[in-house]
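Structural characterization, general
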Amino acid sequence: MARLAERTTRIAGSATMAVTATVDRLRRAGVEVLDFGAGEPDFATPDAVKAAAHTALDQDFTRYTAVSGIAELKRAIGDRYRADYGVDYADSEVIVSAGGKQALFNAALSLFGPGDEVITHAPCWPTLPEQIKLADASPVLVRTHAEDGFAIGGRAILDAITPRTRGIIINSPCNPTGALITEDDLASIADAAARQGIWVILDLCYEKLIYDAVPHNLPAVLARRCRDLTVLCGSASKAYAMTGWRCGWALAPAPVIAACGAIQSHSTSNVSSITQKAAVAALTGSQETVRAMLDEYRTRRDNLWQWLSADPRLRCRKPAGAFYMFIDVGDVLSGLEPGGFRTSTEFAQALLDESRVAVTPGEAFDAPGFIRISYATSMETLREGTERLLAFVAAHAAPIRRAAAG
Ligand code: GLU
């Protein structure tokens, strides 16, 4: 076989999607698995959204649309951000893409290239650094720490800026940590970006999943300081339980959107016409379902945290946003008898093999020693899976006494 392109040697397939694929494979083979891997809502897409898709089909709305999306949807996105954040984006400043993932990818390809450094924070969603690499730029990962709840510090990001810095990507709420960046921290980044002409990309995929009423008007912070350098990326996936529909968007200055549109015109063209009509209904209809899902996630988070606290070797804090518990299992790994598993990847594999519970190992997020539990799953599954996890740790780790003393 002839050799593959060099870029394929620089990237790895999505480690988060890999867990979903493993669970699928096992289930098809008849193995019952409790899935804490998938980062996707277990809720059904709201009825009103599904009804809009049915109507689109019935009306034969099944042809190509404009590459950047139908005007109705671009307006709905602009209106949503105006209502939620008080920022103003015209239709020419909005593009609809196949999930937040493609919106971010278009932005990376439009803005970054060889020799550029792009700063983001880690633990991070694995796709972010891989997309930077696919754009032939270099990711620079600024570490956040469990001790302070993985706070995304403005100072640490600023310290990572060099003359080659071309962009900064902030993901708040963050996947996998659930941490939020404060408006002040983002303001200091935005001021530096404005002074030095650095792009700021804000991944707002989990923007609707913030548990407490904390200030998080990040779009307004950027609009006031560096609107010309700002790209906002969002998604219908998590807020409206629409992962499979593939609908995300970017809001940015018109030349950036035009570049993203040109790239998209040669890759996927428009997002499915049916999906676009459904997304209009999601964005313009009652947001009550979003609140109801958030309330349910909060209850799950609180219960899960309570159950996990039964074993001090599973160290975690309640996340401020998103739907992931990011657990430090370092005490379990270090407290193992010889011959036990040494990494969180081995831990996750053994947990799957022995207890039939799928979690995502921290290595996926550049955070060895951690595991991520997605609690976007039913309370019943969470309860049963947590019991299995606790039993697994009790069976494999040294006694709690020793871990606490160490
Ligand atoms: N964002 C989700 C996760 O972290 C979905 C998987 C993906 O697209 O990476 O699990």
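Residues numbered from 1 in each chain as written. Predicted model: local features only at pLDDT ≥ 70, side-chain atom pairs only at ≥ 80, totals over all residues. Heavy atoms only, no water.

Side note on the overall build of the protein chain
What the protein chain contains, in helices and strands, is 15 helices and twelve strands. Counting only C-alpha atoms, the protein chain reaches 60 × 55 × 55 Å along its principal axes. Counting the 406 residues in the protein chain, one finds 55% classified as buried. Of all intrachain contacts in the protein chain linking residues separated by at least 6 positions in sequence, the fraction that spans at least 24 positions is 75%. Element-wise, carbon and sulfur atoms account for 53% of the exposed surface of the protein chain, whose accessible area totals about 16900 Å². (Helix = DSSP H or I, 4+ residues; strand = E, 2+ residues; numbered from the N terminus. Buried < 20%, exposed > 50% of the residue type's maximum accessible area, 1.4 Å probe, protein only. Contact = heavy atoms within 4.5 Å. Areas by Shrake-Rupley, 256 points an atom, 1.4 Å probe, with all protein chains shown as cover.)

What to know about the side chain of Thr-275
Relative to the assigned elements, Thr-275 resides in helix H10 (residues 273-284). Once residues lying within four places of it in the same chain are set aside, the contact partners of Thr-275 are Trp-245, Arg-246 and Cys-247.

Some details on the packing of helix H2 (residues 47-58) against H10
Direction vectors running N to C along H2 and H10 enclose 140°, while the axes themselves pass 8 Å from each other. Note on packing geometry: the crossing formed by H2 with H10 is right-handed. Touching Ala-48, Val-49, Ala-52, Ala-53, Ala-56 and Leu-57 of H2 are Ile-274, Lys-277, Ala-278, Ala-281 and Ala-282, all from H10. Residues of the contact of H2 with H10, tallied by class, amount to ten nonpolar, no polar and one charged. (Axes fitted to C-alpha atoms, helices over the stretch in contact; angles between N-to-C directions. Left-handed = near helix turned anticlockwise from the far one by under 90°. Nonpolar A, V, L, I, M, F, W, Y, C, P; charged D, E, K, R; others polar.)

Re the site of the ligand
The environment of the ligand is made up of Ser-14, Thr-16, Met-17, Gly-39, Lys-101, Trp-125, Asn-175, Tyr-206, Lys-238, Tyr-324 and Arg-372. Interatomic distance of 2.5 Å between a side-chain N/O atom of Thr-16 and an oxygen atom of the ligand. One of the side-chain nitrogen or oxygen atoms of Arg-372 is found 2.8 Å away from an oxygen atom of the ligand. For the ligand, whose accessible area on its own is 280 Å², the fraction buried by protein is 88%. More than half of the atoms of the ligand fall within 2 Å of the grid points belonging to the largest pocket. By residue class, the composition of the shell around the ligand is four nonpolar, four polar and three charged. (Near = heavy atom within 4 Å. Polar contact = N/O pair within 3.5 Å; in protein donor to acceptor, adjacent residues only side chain to side chain. 1 Å grid on protein atoms, 1.4 Å probe; cavity = no way out; pocket = protein on both sides within 12 Å on 5 of 7 lines; lining within 4 Å. Sits in = over half its atoms within 2 Å of the grid points.)

Structural notes on the sheet that holds strand S2 (residues 94-97)
The seven strands lie next to each other as S2-S8-S7-S6-S5-S3-S4, forming an open sheet whose pairing is mixed. Since the sheet does not close on itself, it has two edges, and those belong to S2 and strand S4 (138-143), each with one partner. Averaged over all pairs of adjacent strands, the angle between strand axes in this sheet comes to 20°, irrespective of strand direction. (Pairing = 2+ DSSP bridges.)

What about empty space enclosed by the protein?
Following the criterion strictly, the structure yields two cavities of 30 Å³ or more and no others. The volume enclosed by the largest cavity comes to roughly 40 Å³. As for the largest cavity, its lining consists of Arg-80, Tyr-81, Glu-207, Lys-208, Ser-235, Ala-239, Tyr-240, Trp-249 and Leu-283. The class makeup of the residues in the lining of the largest cavity is five nonpolar, one polar and three charged. Taken as a whole, the second largest cavity holds about 40 Å³ of empty space. Going through the elements one at a time, helix H4 (99-111) and helix H5 (127-134) are the ones with two or more residues in the lining of the second largest cavity. Counting residues per element, the lining of the second largest cavity draws most heavily on H5, at three residues. Tallied by class, residues from the lining of the second largest cavity come to six nonpolar, one polar and no charged. (Points joined across faces, edges and corners; volume = space filled by probe spheres on them.)

So, the packing of aromatic side chains
Counting across every chain of the model gives 13 aromatic pairs. Taking the centre distance of 5.8 Å and the plane angle of 65° together, the rings of Phe-150 and Phe-370 count as edge-to-face. Taken as a pair, Phe-150 in the loop between S4 and helix H6 (154-159) and Phe-370 in strand S12 (residues 370-374) lie far apart in primary sequence, 220 residues in all. Phe-370 carries the same exposure label as Phe-150, and that label is buried. Between Tyr-206 and Phe-323, the ring centres sit 5.6 Å apart and the planes meet at 90°, which makes this aromatic pair edge-to-face. Taken together, the residues Tyr-206 in the loop between strand S6 (199-203) and helix H8 (218-226) and Phe-323 in the loop between helix H11 (288-308) and strand S9 (324-328) connect sequence positions 117 residues apart. Of the two residues examined, Tyr-206 and Phe-323, each falls in the buried class. One cation-aromatic arrangement involves Lys-277 over Phe-61; the distance from NZ or CZ to the ring centre is 4.6 Å. Its end group placed over the ring of Tyr-211, Arg-301 keeps NZ or CZ at 4.5 Å from the ring centre. (Phe/Tyr/Trp six-rings, centres within 6.5 Å; stacked < 30°, edge-to-face > 60°. Lys NZ or Arg CZ within 6 Å of the ring centre and 35° of its normal.)

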